[in-house]
Each structure stands twice: as structure tokens, then as C-alpha cells.
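Overview (structure and organization)
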Amino acid sequence: MTLQQTGLDESTIAHDEEIPEAIRAIRTRRSGHNFDADTELDDETLEALIRDAALAPSSYNLQPWEFVAVQDDDRLEEVVELAYGQEHVREAGTAVLVVGHTEAETADRVFDQWEEAGRMDEEAAEQTKAQTVEMYDDDRMGRDYGVRNASLAAQNLLLSAHARGLTATPMIGFDAAGLSEFLELPDDKVPVMLIAVGPSGGEEPDRLPRRDVDEILHRESY
Ligand SMILES: Cc1cc2nc3c(=O)[nH]c(=O)nc-3n(C[C@H](O)[C@H](O)[C@H](O)COP(=O)(O)O)c2cc1C
């Protein structure tokens, strides 16, 4: 891959002898809007993206996320409408809604696994589970829990799509209540991020500038 193809310039990589692929993916990922509308995402790739998304870190490994993929043309048309007419959703051919849990519903299974792996004894597992379930009982904490964890899964999905040569765009420009109803989300689930993903249609406009590290890095206190 040439420097030009990566979208990197010399100044970006000046101190790197060789950029690890993961860093390259982080640096070259874009929220693309140019999809190849004539090519479909195959099932195997969709599943691979979800598998990669599910490798994201999560609080106590609770993995409080679900993914709703819409690929049917008529249903995708509804999603476009609920996303305020964002046409690239149609062109991508696949829309994935990343959904967060607001309650620690996987706690029984996951804390058993901590115990089985010898990472917690029975007492610690029971105690931590009880504290975790209680903490997320609070409405605000429960919602934050879903959004924080599922957002990391969404980012994994974006990077995985990019690394596989696909284009993907995260979106919150959608009618949350309308989309939740259309996709039949249970009341205790929060729609976190809608991702349009599909084969790339080619070039994207240049990336807009990022704020400097000097501006955003606060040392010791804000
Ligand atoms: C929380 C969030 C919401 C976004 N919503 C939309 C959206 O509704 N539609 C869209 O086209 N892009 C959306 N984006 C993409 C941003 O416009 C994009 O990430 C930003 O311009 C930086 O560009 P880059 O991702 O190519 O680096 C969203 C991104 C994030 C993180």
C-alpha cells in the first residue's frame, strides 16, 4: 500500500519506521458516503463484522450489546426515512443498529465464567454481580452503561469494516423512538448507533481537520 492510498502524509508517520496495521486502520478510517450500490455485503462478512464488534471491551465483560441488521430493500427504505432521508443508507445496502442493554441481563452467565476461569472465587463473583446489577438498576446509570459499552462495539465494527476494504458510517441522525419501534426493540434496550456499511464506491472527500493534541490533552487536571 502506498502512502497516497492510505491518505497519510509524511508528517503523520515521520516517527514511525513501520506502522502497525491497527494504527494504520485507525488513521485511515473514514465515515464514507460513497458506496457501491450494485454490490451486496455477503452474509459471511456481516457475521465477521459482528464477531469483531463483539471483541470490544465491556464492563466486567458483560457484552451488553445486540446488533440489528437490515438488508431487505423495502425495510431499508423505511430505515432511510427514519434516518431523515440519509440516502447513503440505501446505497450501502446494509444498516446495522447497534443496541445497548440498560440492565445487566448477562450477569449470571458472565460472572459464572469469571468463576469458572478461576478469575474470581464464588464469594467475589456473587458480590460483584450483586453490586453490578444494583448499580445499573439506576435509570441514568443503566442508560449510560448501554451507551458506553455499545459505542465501543460500534467503533470496533467501523474499524473492522475499514480494514476489510468496506465503507462504513456511524449515524445518530435518526428518529430513535421511530426506529426502535420499527425494529421492535424491547423497552429496556437503547438504540446507540446506526451504521451504514457496504462495499466502497471509491474516493471520499478529504478528512476535515482534527483538533490539535495541545488543545485537547489536559495534564493532571482539566
Ligand atoms: C455520534 C456520531 C453521530 C454521527 N451521525 C452521523 C449522521 O447522522 N450522518 C452521517 O452522515 N454521519 C454521521 N457521523 C459521522 C461524522 O460526520 C464523522 O465521523 C465526522 O465528520 C468525522 O469524519 P470521519 O469519521 O470520516 O473521520 C456521526 C458520527 C458520530 C461519531
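Keep in mind the model is a prediction, meaning the values are calculated, not measured.

**Description of helix α7 (residues 107-116)**
Buried residues of α7: A107, V110, F111 and W114, and no others. Buried residues of α7 fall within an arc of 95° about the axis and therefore sit on the same side. Facing away from the buried surface of α7 by more than 90 degrees, the exposed residues are R109 and E116. In this fold, the buried residues of α7 make contact with α8 (122-135).

**Section: the site of the ligand**
The local shell around the ligand holds 13 residues, among which R30, S31, H33, Q86 and R210 are the closest. S31 is positioned with one of its side-chain polar atoms (N or O) 2.5 Å from an oxygen atom of the ligand. Notes on the ligand: free accessible area 630 Å², of which the protein chains cover 64%. Top element by residues in the shell around the ligand is strand β3 (residues 166-171). It accounts for three residues. Tallied by class, the residues present in the shell around the ligand amount to three nonpolar, six polar and four charged.

**Examining the nonpolar core**
Residues L49, I195 and V197 are the most contacted members of the largest nonpolar core, which totals 21 residues. Elements supplying a minimum of two residues to this core: α4 (43-53), β2 (94-101), α9 (139-163), β3 and β4 (189-199). Of all the elements, α9 adds the most residues to this core, at six residues. In this structure, V197 is in contact with F35, L41, L49, A92, T94, V96, A161, L166, T167 and A168, ignoring residues within four places of it in sequence. One finds V79, L82, V99 and F174 within the second-largest nonpolar core, a separate group that totals 19 residues.

**Here we look at unusual backbone geometry**
A positive phi angle, close to 60°, is found at N61, a residue other than glycine. Inspection of the secondary structure puts N61 in the loop between α4 and β1 (65-70). Of note in the backbone geometry, E220 takes a positive phi value of approximately 75° without being a glycine. Residue E220 is classed as exposed on the basis of its relative accessible area, which comes to 84%.

**A word on the packing of α4 against α9**
Where α4 meets α9, the axes come as close as 7 Å, and the angle between the chain directions of the two elements is 135°. Between α4 and α9, the crossing angle belongs to the class labelled oblique. Helix-helix and strand crossings are classified by hand; for α4 and α9 the assignment is right-handed. Facing L49, I50, D52 and A53 of α4, the residues of α9 in contact are A153, N156, L157, S160 and A161. Per-class residue counts for the contact of α4 with α9 are six nonpolar, two polar and one charged.

**Observations concerning the UniProt feature "domain: Nitroreductase" (unreviewed entry) in the protein**
Using the residue numbers shown here, the UniProt feature "domain: Nitroreductase" (unreviewed entry) corresponds to residues 26-198. Here residues 26-198 is 49% helix and 17% strand, with 18 Å between the C-alpha atoms at its ends.

About the criteria used
- The residue numbers shown here count from 1 along each chain, following its written sequence.
- Residue-level local features of this predicted model are given only where pLDDT is at least 70; pairs of side-chain atoms are given and counted only at 80 or more, and the full residue set underlies all totals for whole chains, interfaces and linings.
- Side-chain descriptors were evaluated using all non-hydrogen atoms of the structure, hydrogens and water having been removed beforehand.
- Throughout this description, buried means an accessible area under 20% of the type-specific maximum (1.4 Å probe, protein chains only), exposed means over 50%, and partly exposed covers the range between.
- Strands are runs of DSSP state E lasting at least 2 residues, helices are runs of H or I lasting at least 4, and numbering of each runs from the N terminus.
- In this description, the arc belongs to the directions extending from the helix axis to the C-beta atoms.
- Contacts: residue pairs with any heavy atoms within 4.5 Å of one another.
- What makes a residue near a molecule or strand is one non-hydrogen atom of that residue sitting within 4 Å of it.
- Contacts described as polar in this section are N or O atom pairs within 3.5 Å, which, within protein, must combine one atom able to donate a hydrogen with one able to accept it, while residues neighboring in sequence count only if both atoms come from side chains.
- All accessible areas in this document rest on Shrake-Rupley with a 1.4 Å probe, and a residue is counted as covered only by the protein chains that are shown.
- Side-chain classes are defined by residue name, with Ala, Val, Leu, Ile, Met, Phe, Trp, Tyr, Cys and Pro counting as nonpolar, Asp, Glu, Lys and Arg as charged, and the others, Gly among them, as polar.
- Residues grouped as a nonpolar core are buried Ala, Val, Leu, Ile, Met, Phe, Trp, Tyr and Cys residues, joined through side-chain atoms within 4.5 Å.
- Fitted lines through C-alpha atoms serve as axes, helices being fitted only where they are in contact, and the angles separating the N-to-C directions of these axes extend from 0 to 180 degrees.
- Working rule for angles: under 35 degrees goes down as roughly parallel, over 145 as roughly antiparallel, 65 to 115 as roughly perpendicular, anything else as oblique.
- Take the far helix as the reference: if the near one is turned anticlockwise from it by less than a right angle, the crossing is left-handed, and if turned clockwise, right-handed.
- UniProt positions are given in the numbering used here, feature names are shortened, and annotations may be inferred rather than shown by experiment.

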